[in-house]
Amino acid sequence: MRISIKKIFEFVIIFLLILDTGSVPSIFFGGGLICVFILVLSLCYTILSSNKILRSQLRLLVVFGLFFLISSSFTHTNFTLYFGAIIRVLAVVFTYTAFRNDVIAIRDALTRVLWVFAYLGLVNLFLINFLPMLFSLRVAESGFSINTLLYIFNYHSFIQLGPIALPRNQGAFWEPGVFQIPMNLLVYLLLIEKKESWGKALIPMIMVLSTFSTTGLLVMSLIILFKICRERASLSLREKFLILLFAVAFIPFVYNNTKEKLTGDINDSAAARTYDLYMGLDIIGRNPIWGIGPDKEKYLAQTQDISIGFYDDNDISIERGNTNTIMSLMCYLGVPFSLFFLGLLYNQTIFSDKKQFFIILIILLFSEPLYGTMFLYFLSMTAKIKKSLQPYMSTS
């Protein structure tokens, strides 16, 4: 019974953490509420199980806290704007403590949670294509609109394939580009970390394809390439033939999707990312050391000085955040701290091959708005968990 309760806790905590990455429920019901719930749940479990917090993680917590305090002073930013980040860091520290810093257990729990999102995405793919009448339009206070069923099954945008317009699968997340992140993580876990067969990763691979996300297709292509390079000597003739067939069908699909995003009628995404890059570089150039602080109003005020409101006839001078996470980090927190944070992400211990995973992560960070999510803090804090402490023993 004790093991059962532990497994349930692990599942719930990681499930909520993935929801904070950019789910529709987090938009309508508040991502901050999810973080507070994770903090309270992990703190209570830590106290009940009498686990100890690692000193290395406490030191990292102090480093984050002191930096936020100094950053608030130098950027003249209200310290309350850092509270969200502080709560997330605290929640991550207590989450690892509740897990007894067992990275293997965390990896297994993450895999189970990602499978749930994959199955939810599979159901969503069926519903949006065959039962769209079940969905209703909802508009959040922020102005975000979505066609949703119980806030778990969602769709909004379409992809034009010849005469057919297909809804893009976004699962429980606010846009398809975010949904491809957990799905590609699952593909990576199965094919690279667990060294499973291609068939075991078929469902999450189909989910990535159904998002029609250019970044998602690129990342999945890299994961497949990593897998082939690792196993090229042991591949059978049948497997080589199937991979060749897949490449013949998949490469033109990726090429046409990328070309359409860049030059076709749906190039708003590429235009927005180009605009965000220009805006980010301009702000970083003016505030390289400390950034401007995590103040979106200050960010929007500074972007008004950049006069490229139109890109390829697309009006992209709208009030919104930066879709480039690395640009956001450097804009808000400065270049030195951002490089320190990226160093922590490189040294994470959940995924064993640091170099390969970091390549995947950098592509995701350059193309999707993950700034401030618990997932990034979650990855970064594992850099301070030594292999000798996996798993960390309870003191109870």
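Colleague: Hey, could you run me through empty space enclosed by the protein in this one?
Modeller: To find the voids left in a structure, one rolls a probe of water-molecule size over its atoms. Taken as a whole and assessed by the stated rule, the structure comprises 2 cavities of 30 Å³ or more. For the largest cavity, the full set of lining residues is Phe64, Leu329, Leu333, Phe337, Phe341, Tyr371, Gly372, Leu376 and Tyr377. Sorting the residues of the lining of the largest cavity by element identifies helix H13 (325–333), helix H14 (335–346) and helix H16 (374–381) as the ones contributing at least two each. Size it by volume and the second largest cavity reaches roughly 40 Å³. Lining the second largest cavity, in full, are Ile18, Thr21, Phe173, Ile181, Pro182, Leu185 and Phe375. At 3 residues, the largest contribution of residues to the lining of the second largest cavity is made by helix H7 (residues 176–193). In the lining of the second largest cavity, the residues fall into 6 nonpolar, 1 polar and no charged.

Colleague: Just to check I follow, could you spell out the nonpolar core for this structure?
Modeller: A general feature of soluble globular proteins is that nonpolar side chains tend to end up buried together. Counting 96 residues, the largest nonpolar core has Ile14, Ile18, Phe64, Phe117, Leu345 and Phe351 as the members making the most contacts within it. It is H7 that contributes the most residues to this core, 12 residues altogether. With residues near it in sequence (within four places) discarded, phenylalanine 351 still touches Leu110, Leu185, Tyr188, Leu189, Glu193, Phe357 and Leu379. Within the second largest apolar cluster, 5 residues are counted, among which are Leu127, Ile128, Phe135 and Tyr155.

Colleague: Hey, could you run me through the packing of helix H5 (residues 83–98) against H16 in this one?
Modeller: When two helices pack together, you describe them by how their axes are tilted relative to each other and by the distance separating the axes. For the pair H5 and H16, interaxial distance at closest approach is 9 Å and the crossing angle is 50 degrees. As summarised for this structure, H5 and H16 are arranged oblique, according to the angle between their axes. The two elements H5 and H16 meet at a crossing, and its hand is right-handed. Across the interface between the two elements, Ala85, Arg88, Val89, Ala91, Val92, Val93, Thr95 and Tyr96 of H5 pack against Met374, Tyr377, Phe378, Leu379 and Met381 of H16. Its residues assigned to classes, the contact of H5 with H16 comprises 11 nonpolar, 1 polar and 1 charged.

Colleague: Honestly, the confidence of the model for the chain in this entry has me stumped. Any pointers?
Modeller: Segments scoring low in pLDDT should not have their predicted coordinates read at a detailed level. With 83% of its residues at a pLDDT of 70 or more, the chain has an overall mean of 83. Across the chain, the element-wise mean pLDDT spans from 46 in strand S6 (residues 310–311) up to 97 in strand S3 (residues 153–155). Throughout residues 309–318 the model reports pLDDT below 50, and contacts reaching past four residues in sequence, or to other chains, amount to 18 contacts. Overall, residues 387–396 carries pLDDT values under 50, and its contacts beyond four positions in sequence, including any with other chains, amount to 22 contacts.

Colleague: Help me understand the packing of aromatic side chains in this model?
Modeller: We describe a pair of aromatic rings using the distance from one ring centre to the other and the angle between the two ring planes. Counting across every chain of the model gives 35 aromatic pairs. Seen from their ring centres, phenylalanine 126 and phenylalanine 130 are 5.2 Å apart, and the 35 degrees between their planes marks the pair as tilted. Placement of the pair is phenylalanine 126 and phenylalanine 130 together in helix H6 (residues 103–130), with a separation of 4 residues, close to one helical turn. Taking the relative accessible area as the measure of exposure, phenylalanine 126 reaches 45% and is therefore partly exposed. Taking 5.9 Å as the distance between ring centres and 75 degrees as the angle between the ring planes, the aromatic pair formed by phenylalanine 341 and tyrosine 377 counts as edge-to-face.

Colleague: Help me understand the pattern of salt bridges, please; the structure alone is not making it clear to me.
Modeller: Two side chains carrying opposite charge are able to pair once their charged atoms lie near each other. In total, this model carries 6 salt bridges according to the counting rule given. Between glutamate 10 and arginine 112 there is a salt bridge; the shortest N-O distance is 3.5 Å. Remark: arginine 112 occurs in helix H6 and glutamate 10 occurs in helix H1 (residues 2–19); sequence separation between them is 102 residues. With its nearest N and O atoms 3.1 Å apart, the salt bridge here joins arginine 88 to aspartate 20. Of this pair, arginine 88 sits in helix H5 while aspartate 20 sits in the loop between H1 and helix H2 (24–29), placing them 68 residues apart in sequence. Considered together, arginine 88 and aspartate 20 belong to a single accessibility category, that of buried residues.

What counts and how
Residues numbered from 1 in each chain as written. Predicted model: local features only at pLDDT ≥ 70, side-chain atom pairs only at ≥ 80, totals over all residues. Heavy atoms only, no water. 1 Å grid on protein atoms, 1.4 Å probe; cavity = no way out; pocket = protein on both sides within 12 Å on 5 of 7 lines; lining within 4 Å. Points joined across faces, edges and corners; volume = space filled by probe spheres on them. Helix = DSSP H or I, 4+ residues; strand = E, 2+ residues; numbered from the N terminus. Nonpolar A, V, L, I, M, F, W, Y, C, P; charged D, E, K, R; others polar. Core = buried A, V, L, I, M, F, W, Y, C linked by side-chain atoms within 4.5 Å. Buried < 20%, exposed > 50% of the residue type's maximum accessible area, 1.4 Å probe, protein only. Contact = heavy atoms within 4.5 Å. Axes fitted to C-alpha atoms, helices over the stretch in contact; angles between N-to-C directions. Parallel < 35°, antiparallel > 145°, perpendicular 65-115°, else oblique. Left-handed = near helix turned anticlockwise from the far one by under 90°. pLDDT = per-residue confidence, 0-100. Phe/Tyr/Trp six-rings, centres within 6.5 Å; stacked < 30°, edge-to-face > 60°. Salt bridge = Lys/Arg side-chain N within 4 Å of Asp/Glu carboxyl O.

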